[in-house]
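# Fold and contact review
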Amino acid sequence: MVNAVAATAAAPDPAAPRGPGTVTLVGGGPSDPGLLTVAGHAALLAADVVVTDRLAPLAALEALPPHVEIIDVAKIPHGRSTSQEDINRVLVEHALAGRDVVRLKGGDPFVFGRGGEELDACHAAGVPTRVLPGVTSAIAAPELAGIPVTHRGLTQGFTVVSGHVPPGHPDSTVDWSALARSGTTIVVLMGVRTLPAIAAALVAGGLDPATPAAVVADAGRSSQQVVRGTVTTIETLARDADIGAPAVVVVGAVAARGADRPAEQRPVHA
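Thresholds, definitions, all that
Residues numbered from 1 in each chain as written. Predicted model: local features only at pLDDT ≥ 70, side-chain atom pairs only at ≥ 80, totals over all residues. Heavy atoms only, no water. pLDDT = per-residue confidence, 0-100. Contact = heavy atoms within 4.5 Å. Core = buried A, V, L, I, M, F, W, Y, C linked by side-chain atoms within 4.5 Å. Buried < 20%, exposed > 50% of the residue type's maximum accessible area, 1.4 Å probe, protein only. Helix = DSSP H or I, 4+ residues; strand = E, 2+ residues; numbered from the N terminus. Axes fitted to C-alpha atoms, helices over the stretch in contact; angles between N-to-C directions. Parallel < 35°, antiparallel > 145°, perpendicular 65-115°, else oblique. Left-handed = near helix turned anticlockwise from the far one by under 90°. Nonpolar A, V, L, I, M, F, W, Y, C, P; charged D, E, K, R; others polar. Salt bridge = Lys/Arg side-chain N within 4 Å of Asp/Glu carboxyl O.

### Some thoughts on the confidence of the model for the chain
Confidence along the chain averages 89 in pLDDT terms, with 87% of residues attaining 70 or more. In this model residues 1–12 is a low-confidence stretch, pLDDT under 50, and it forms 30 contacts with partners more than four residues away in sequence or in other chains.

Right, here's the structure in full:
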């Protein structure tokens with residue numbers, strides 16, 4: 001179990017050794033501890049403090065020495081949420097107190113993980129940093145469901161976009177019409193809630209309504225679930241299956257691949 005504590009940095013201990021601490025951003029991959037990189041695992045074992053997300057491979061924390069402080073800064077949809085400013089402050093304050101801090105994130109720190117913002121905050125405070133890439137769910141989730149994001153004869157590329165705001169929203173910078181005409185696999189992260197609007201925008205942009213689509217939920221976990229349909233049916237199918245976050249949406253010819261197999265690939269460590 002994760003020993004979650006309040007998402008505020010503890011006051012520096014006057015007796016603690018002073019000196020330059022560090023912050024290491026570690027991409028934890030899609031929840032399965034078996035997909036954490038060797039370098040990421042080594043960084044965890046060497047840490048004084050681990051600041052973790054809810055989608056990180058939490059089982060990997062169970063093997064840490066008892067002196068390691070684990071700080072839970074989860075952002076839970078429609079629940080408690082730690083602001084990015086508070087997370088940045090926690091990282092900086094612990095590092096300036098001389099501690100080696102690991103920021104453990106699900107997926108990859110630089111793929112919709114706000115790792116760049118955390119890196120900027122550390123640099124501004126003069127904290128030494130390094131980044132250890134992780135297995136991004138944009139590729140891993142489809143792969144764990146037997147869906148390749150590229151496949152010879154079907155598609156020569158893939159595009160990864162965020163669906164946290166719907167098409168037409170003032171904060172959206174995605175050209176959905178261009179995506180509809182791109183001929184590439186479309187991978188949408190954080191798009192379960194906005195899936196109806198995304199599907200409608202893609203079809204309005206010229207995408208064939210019969211284009212295969214899939215949703216992969218809880219990728220890398222024993223609860224992994226895959227729903228397949230077309231771009232016009234996938235939202236209803238996902239809703240009927242009670243699919244929720246975290247989930248990855250795949251739109252394109254590759255989404256139909258593997259549908260005739262008896263079972264999708266299972267996590268490395270169920």
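### Some remarks on the nonpolar core
In terms of nonpolar packing, the biggest core is built from 23 residues, with W176, V188, L202, V215, I243 and V251 touching the most fellow members. If you list the elements that add at least two residues to this core, you get helix 5 (176–180), strand 7 (185–189), helix 6 (195–204), strand 8 (212–217), helix 7 (234–240) and strand 10 (247–251). The element that contributes the greatest number of residues to this core is helix 6, accounting for 5 residues.

### Details of the packing of helix 2 (residues 84–96) against helix 3 (residues 115–124)
Helices that pack against each other are described as a pair by the angle of their axes relative to one another and the distance between those axes. Axis separation between helix 2 and helix 3 bottoms out at 9 Å; the angle between their running directions is 45°. By the angle class used here, helix 2 and helix 3 are oblique. Helix 3 is crossed by helix 2, and the crossing has right-handed handedness. Residues Q84, I87, N88, L91 and V92 of helix 2 form the contact with helix 3, whose own contacting residues are E117, E118, A121 and C122. A class-by-class count of the residues in the contact of helix 2 with helix 3 yields 5 nonpolar, 2 polar and 2 charged.

### A few points about the environment of E69
Residue placement: E69 occurs in strand 3 (residues 69–72). Classification of E69 as partly exposed rests on a relative accessible area of 26%.

### Looking at the pattern of salt bridges
Enumeration according to the criterion identifies 7 salt bridges in this entry. Between K105 and E118 there is a salt bridge whose closest N-O contact spans 3.1 Å. Separated by 13 residues along the polypeptide, K105 in strand 4 (residues 100–105) and E118 in helix 3 bring together distant segments of the chain. The salt bridge involving E235 is made with R239; its shortest N-O contact spans 2.5 Å. In this pair, E235 and R239 both sit in helix 7, 4 residues apart, roughly one turn of the helix. Here R239 falls in the partly exposed class, since its relative accessible area comes to 49%. Each of D53, R103, K105 and E118 takes part in one network of salt bridges that share partners.

### Points about unusual backbone geometry
Along the chain, A245 connects to P246 via a cis peptide bond; the corresponding omega equals 5°. Take P246: it is sitting in the loop between helix 7 and strand 10. Of note in this structure, F112 is not a glycine but carries a positive phi near 55°. The topology assignment puts F112 in the loop between strand 4 and helix 3.

### Observations regarding the environment of G157
Among the secondary structure elements, G157 is positioned in the loop between helix 4 (137–144) and strand 6 (158–162). For G157, a relative accessible area of 15% translates into the label buried. Discounting residues that sit within four places of it in the chain, G157 has contacts with V149, T150, T184 and T185.

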